[in-house]
Amino acid sequence: MLKRATPPPFNVPGNFIIPEATSYPLTNGNVLYAINTDADALLKIDVYFPAGRIFQSQASIAALTMDMLFESTQKRTAIALAEAMDFFGAYTDFNVRSEWASVTLYTLNKHLQSVLPFFIELLTLPAFKQEELDILIAREIQDLKVALEKNSVLAQHEVARRQWGNGHPWGMVPSIENYQTVSRATIQEFFDQHYKLAEAQLFVAGNISEETIKILSDAFSVGQHTKNTMSIPKFKAEVNTGEFFLQRDDSLQAAIKVVRKHIPRTHPDYNDTQMLNLLLGGYFGSRLMDNLREEKGFTYGIGSSISDFSTGSEWSIGTEVKNSVKDEAVSEIFKEMKRLIDEEVDEEELSVARNYLLGQILRSLDGAYSQLRYAETVTLNDYSYELLYRGFERVKSITPKDIQLVAQKYLQSNDWLTVVCGSK
Amino acid sequence: MCSIPYFCSMINFTKFTLENGLRVVHHLDESTPLAVLNVLYDVGSRDEDPEKTGFAHLFEHLMFGGSINIEDYDEPLQLVGGENNAFTNNDVTNYYIQLPADNIETAFWLESDRMLSLAFSKESLDVQRNVVSEEFKQRYLNQPYGDVWLKLRPLAYTVHPYRWDTIGKELSHIENASLQDVKAFFKRYYAPNNAVLVISGNISLEKAKELCQKWFAPIPAANVPLRALTQEPIQTEARSLTITSKVPADAFYLAFHGVSRSDESYYIMDLLTNIMGLGESSRLYYSLVKERQLFSNFSCYHLGSFDEGLIIFSGKTMNGVSLQTAEEAVWNEIEKLKLEGCKEEELTKVKNKIESSHIYEMMSLLERSIALAFAEVQGNANTVNEELTHFNNVSREDIQKFAAAYLTKANSNTLYYQKAN
């Protein structure tokens, strides 16, 4: 007789191997990092520049500079360039983060040689035409107007302003007035300083033959590579906590953000706070999700996450709730924090979170593109494989007491900033 | 290196059917330590009662509220390192689990129990009604342009159940759902003979068969009603609707009836929308956004529905550009395509883009599993391996003919979304 009420036996995933990238020196002194699999016909090439938002002296400059790379070059119009790359089925993508900015090329191996010259042209020879910049800005303003209709965006902007202050690059939020004062010269200058291909960090994943490496090495060996470190400008850190309310008439839902400045990835407490975050709001089985969605039905979802930058991280809880319950929702968030401070989590709750995270680690190591992400984390952030393995081990050994200790250190309500955007 | 990507991306699979009618597709991939169990139920919002819309999707939420023998669905799965999610569209409801291959039996245990019977708890229904109401607000009401599909669908469809969105026609349908409705829906549609099960990853065929026998074979088949949807009559006259709302910019939506997923012209329709609207070098993006600056963004795509779906042209206009000017410009491009067709390079370009995006998608075990389930529920899992050939066979003439037949005024539905002053 089949026992449907009894769960089948299972194994907890535990032995993780992070395939390390192979490094290939280029003739200009730079290095190409590669994750090779024999299966995937599609190559992913990531080029990282120290061109993130930390380097901008005016809001939106980092993002606009990146956008302008996809406009005309000194040799070709934007449409001719897009057509040339599209013709070979190539896809590009980009990401402007807090510190790094990256451009990605996806191409079939068989088209690499054809596509690469266009990709290099895009990275090195932007024309920065005034007319194209004007059009881009007009479009950005239009998109911003739509975004500013959303309570979650308004709350996020308020968080950035309060968390970092107007003098900090991360506290500079997009605004229509600001867009109208962006000049071509500022973009050109940002590009000249931060987009130097010889200094870029280069990564590739896929089915990589010697031929592939040769094609890539030839294309990326431009200029003379001198340094591999990023110098991050220092700013006076403002600490802003407390609760702030933004009024928006007729809101069906209110957006809530609860955030704090947090320790860097290399800090000894960091891994423990990742587990604490998971228990609090980091996955579907978390306390916040259980309480606000599954028990009370206040929201479609609530999440908590820690996002890293080189000198620290930001811990952020976000949700959108029925407007009438916004105050109760905020107090429930702090109540859940308090509970983690006051009481140890029980073994069972911890095992679920632990095993879930171990499964997630297993998934995060599957496939060449995922493995490339680990290689990038290690290389770009002066991190090490040893620290990664130590983090994996910590997931297995952490105890309820350890979690309570970091909860007492990092979940104190007066260290957190709360922004609510909705109707009174 | 593999010189024929079509061949490289071949997905090997084995099919078998259990005695209770459950169709099973097994796909072995030994290169991964993971496995996926995907259960697709052949029921979507098109199967709903017009007075009880949003039900298929609400039901998807209830599937996580505990089953007959297992109180909590998520926790036992998280305990074995797995994760899951689900989605509902107009055609189907799909549930998937990804987990370490070693622990695949946990997925069989969980999925088979909720196929056998739900717990039907009153509390779960109360909470999920609220959650879905908040989802309705977050995604459809509390967002600029969020209600577009609630307006565009009933404009384009007069009788076919595609006339309502998966979230439902209105909040009250969800708020009024009773436990009795829930039970009836389950009984009617959640049966082995109305589902496709895909097992993929590092699981042998023998193991897959053994686990299917153990967990799914004992579930009795049900009398699933034959689908008899009212087909949409051929549209003979242009329709339009103007909405005025508190939005920052005017928006323009133009929808045409296209072909069904199983129609041989489906691939033509797909390539046509790519030529018109995929990426920066597409016709409409280039001419309407970049060159003439009438729109701040523009897209052209189709909904990929199983029954005759919609082809959509849409964009937000730039400040100062009237909807009439914008509309005229879109129609000029459509007429140009009908008159001159597309260029050979344009067609090659979109075929090449489809090849690489297909290969990209099929790199993911989960995407492969879902693709197999979708293909099988429509009659043939092997469609996933035939798609690129179908795309390759499309000619310039096909594109031009399709445009002439479908992109007509009589077949058009225009939604003018105007900002309030």
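Residues numbered from 1 in each chain as written. Chains lettered and ligands numbered in written order. Predicted model: local features only at pLDDT ≥ 70, side-chain atom pairs only at ≥ 80, totals over all residues.

Here we take up the overall build of chain A. In terms of regular secondary structure, chain A is built from 15 helices and 11 strands. A compact globule built from 424 residues should have a C-alpha radius of gyration of about 22 Å, and chain A, at 24 Å, falls within 12% of that. By its C-alpha atoms, chain A is 65 × 55 × 45 Å across when sized along the principal axes. Across the 424 residues of chain A, 44% fall into the buried class. (Helix = DSSP H or I, 4+ residues; strand = E, 2+ residues; numbered from the N terminus. Rg over C-alpha atoms; globule rule 2.2 N^0.38 Å. Buried ≥ 20, exposed ≤ 12 C-beta atoms within 10 Å, placed from the backbone.)

With that out of the way, let us pick up helix H11 (residues 283–291) of chain B. Those residues of H11 of chain B lying buried are Leu284, Tyr285, Leu288, Val289 and Lys290 of chain B. Buried residues in H11 of chain B, looked at end-on, bunch into an arc of 165°, giving them a common side. Here the buried face of H11 of chain B lies against helix H2 (78–87) of chain A together with helix H10 (266–277), strand S9 (295–302), strand S10 (310–317) and helix H12 (323–340) of chain B. Glutamine 293 of chain B sits one or two residues past H11 of chain B and shows a positive phi near 50°. (Arc of directions from axis to C-beta. Contact = placed C-beta atoms within 7 Å.)

On to the nonpolar core, then. Soluble globular proteins: nonpolar side chains tend toward being buried together. Counting 115 residues, the largest nonpolar core has Leu279 of chain A together with Leu37, Ile104, Leu197 and Leu372 of chain B as its most contacted members. In terms of residue count, helix H14 (residues 365–377) of chain B provides more of this core than any other element does, 8 residues in total. The contacts of leucine 197 of chain B, once residues within four sequence positions are left out, are Leu22, Val24, Val39 and Phe216 of chain B. Within the second largest apolar cluster, 61 residues are counted, among which are Ala34, Leu69, Ala84 and Leu105 of chain A. (Core = buried A, V, L, I, M, F, W, Y, C linked by C-beta atoms within 7 Å.)

Residues and elements named next belong to chain B. In this sheet, strand S2 (residues 23–28) lies alongside strand S1 (residues 14–17) in antiparallel orientation, the contact comprising 4 bridges. Across the sheet, residue threonine 14 finds its bridge partner in S2, namely histidine 26. Here S1 folds back onto S2, and the loop between the two strands holds 5 residues, one of which, glycine 21, carries a positive phi near 95°. (Pairing = 2+ DSSP bridges.)

With that settled, the discussion passes to the interface of chain B and chain A. Counting residues at the interface gives 62 residues for chain B and 60 residues for chain A. Looking at side-chain class alone, the side of chain B that touches chain A contains 24 nonpolar, 21 polar and 17 charged residues. (Nonpolar A, V, L, I, M, F, W, Y, C, P; charged D, E, K, R; others polar.)

Once that is clear, we can look at the confidence of the model for chain B. Residues and elements named next belong to chain B. On average, residues of chain B score 94 in pLDDT, and 98% of them reach the 70 mark or higher. The low-confidence segment residues 1–7 (pLDDT under 50) makes 12 contacts with residues lying over four places distant or belonging to another chain. For this predicted complex, the interface confidence score (ipTM) comes to 0.90, while the overall pTM stands at 0.93. (pLDDT = per-residue confidence, 0-100.)

Right, let's talk about the sheet that holds strand S7 (residues 242–247) of chain A for a bit. Residue and element names in this part refer to chain A. If you trace the 5 strands from one edge of the open sheet to the other, you get S7-S11-S8-S10-S9, paired in mixed fashion. The open sheet has two free edges, formed respectively by S7 and strand S9 (299–309), since each of these has just one partner strand. On average, adjacent strands in this sheet sit at an angle of 15° to one another, irrespective of strand direction. The pairing of strand S8 (residues 253–262) with strand S10 (residues 312–322) spans 10 bridges and is antiparallel. (Axes fitted to C-alpha atoms, helices over the stretch in contact; angles between N-to-C directions.)

Looking now at the packing of helix H13 (residues 344–362) of chain B against helix H15 (residues 383–392) of chain B. Residue and element names in this part refer to chain B. Contact geometry for H13 and H15: axes closest at 10 Å, N-to-C directions at 170°. Accordingly, the angle class assigned to the pair H13 and H15 is roughly antiparallel. Contacts between H13 and H15 involve Lys351, Ile354, Glu355 and His358 on the former and, on the latter, Glu387, Leu388, Phe391 and Asn392. Within the contact of H13 with H15, the residues separate by chemical class into 3 nonpolar, 2 polar and 3 charged. (Parallel < 35°, antiparallel > 145°, perpendicular 65-115°, else oblique.)

On to unusual backbone geometry, then. Trans peptide bonds make up the majority, and among non-glycine residues the majority have a negative phi. Residues and elements named next belong to chain B. Within the chain, tyrosine 145 stands out as a residue other than glycine whose phi angle is a positive 65°. Along the polypeptide, tyrosine 145 turns up in the loop between helix H5 (122–141) and helix H6 (148–156). A residue is classified by how many C-beta atoms lie within 10 Å of it, and tyrosine 145, with 19 of them, is partly exposed.

With that settled, consider the domain arrangement of chain B. Residues and elements named next belong to chain B. Per the domain assignment, the segments making up chain B are domain 1 (8–216) and domain 2 (239–419). The gap between the C-alpha centroids of domain 1 and domain 2 is 28 Å. Facing the 35 residues of domain 1 at the interface are 31 residues of domain 2. At 5 residues, the largest contribution of residues to the side of domain 1 that touches domain 2 is made by H6. (Domains from an automatic or database assignment.)

Attention now goes to the pairing of strand S5 (residues 93–100) of chain B. Residues and elements named next belong to chain B. With 8 of 8 residues buried, S5 is to be regarded as a mostly interior element. As paired elements, strand S3 (residues 34–41) and S5 share 8 bridges and run antiparallel to each other. Bridge pairing in S5 places alanine 35 opposite leucine 99. Both strand S4 (residues 83–88) and S5 contribute to a ladder of 6 bridges, which runs antiparallel. Looking at the pairing, phenylalanine 87 lines up with asparagine 94 of S5. In textbook terms, the turn of a hairpin is the stretch between consecutive antiparallel strands, and for S4 and S5 this stretch comprises 4 residues.

All of the buried residues in helix H10 (residues 287–295) of chain A are Arg287, Leu288, Met289, Leu292 and Arg293 of chain A. On its buried face, H10 of chain A is in contact with helix H9 (270–282), S9, S10 and helix H11 (326–342) of chain A together with H5 of chain B. Of the residues one or two after H10 of chain A, glycine 297 of chain A is the one with positive phi, at around 65°.

Residue and element names in this part refer to chain A. According to the domain assignment, chain A consists of domain 1 (22–220) and domain 2 (242–422). One C-alpha centre belongs to domain 1, the other to domain 2; they are set 29 Å apart. Contacts between domain 1 and domain 2 engage 23 residues on the former and 25 residues on the latter. Those elements that place two or more of their residues in the side of domain 1 that touches domain 2 are strand S2 (31–36), strand S3 (42–49), helix H5 (151–164) and strand S6 (201–206). With 9 residues, the top contributor of residues to the side of domain 1 that touches domain 2 is H5. For the side of domain 1 that touches domain 2, a count of residues per class yields 9 nonpolar, 8 polar and 6 charged.

Below, the discussion takes up the sheet that holds S4 of chain B. Residues and elements named next belong to chain B. Read across the open sheet, the 6 strands follow the order S1-S2-S6-S3-S5-S4; overall the sheet is mixed. Every other strand in the sheet has two partners, leaving S1 and S4 as the edge strands with one partner each. Taking the axes of each pair of neighbouring strands and ignoring which way they run, one obtains an average angle of 15° across the sheet.

Another aspect to go through is the environment of lysine 183 of chain B. Tracing the sequence through the fold places lysine 183 of chain B in helix H8 (residues 179–189). Separated by 64 residues in sequence, lysine 183 of chain B and alanine 119 of chain B place their C-alpha atoms 9.9 Å apart.

Moving on: the environment of valine 394 of chain B. All names here are of chain B. Along the chain, valine 394 falls in the loop between H15 and helix H16 (396–406). Along the chain, valine 394 and asparagine 94 lie 300 residues apart, while their C-alpha atoms are 31 Å from each other. With residues up to four places along the chain from it excluded, the contact list for valine 394 reads Tyr267, Ile268, Leu271 and Ile399.

Below, the discussion takes up the packing of H9 of chain A against helix H12 (residues 347–364) of chain A. All names here are of chain A. The N-to-C vectors of H9 and H12 enclose an angle of 110°; their axes lie 10 Å apart at closest approach. The orientation of H9 with respect to H12, classified from their angle, is roughly perpendicular. The interaxial crossing formed by H9 with H12 has right-handed handedness. In this structure, H9 uses Met275, Leu278 and Leu279 to contact H12, whose residues at the interface are Glu349, Ala353 and Leu357. Looking at the contact of H9 with H12 residue by residue, the class counts come to 5 nonpolar, no polar and 1 charged. (Left-handed = near helix turned anticlockwise from the far one by under 90°.)

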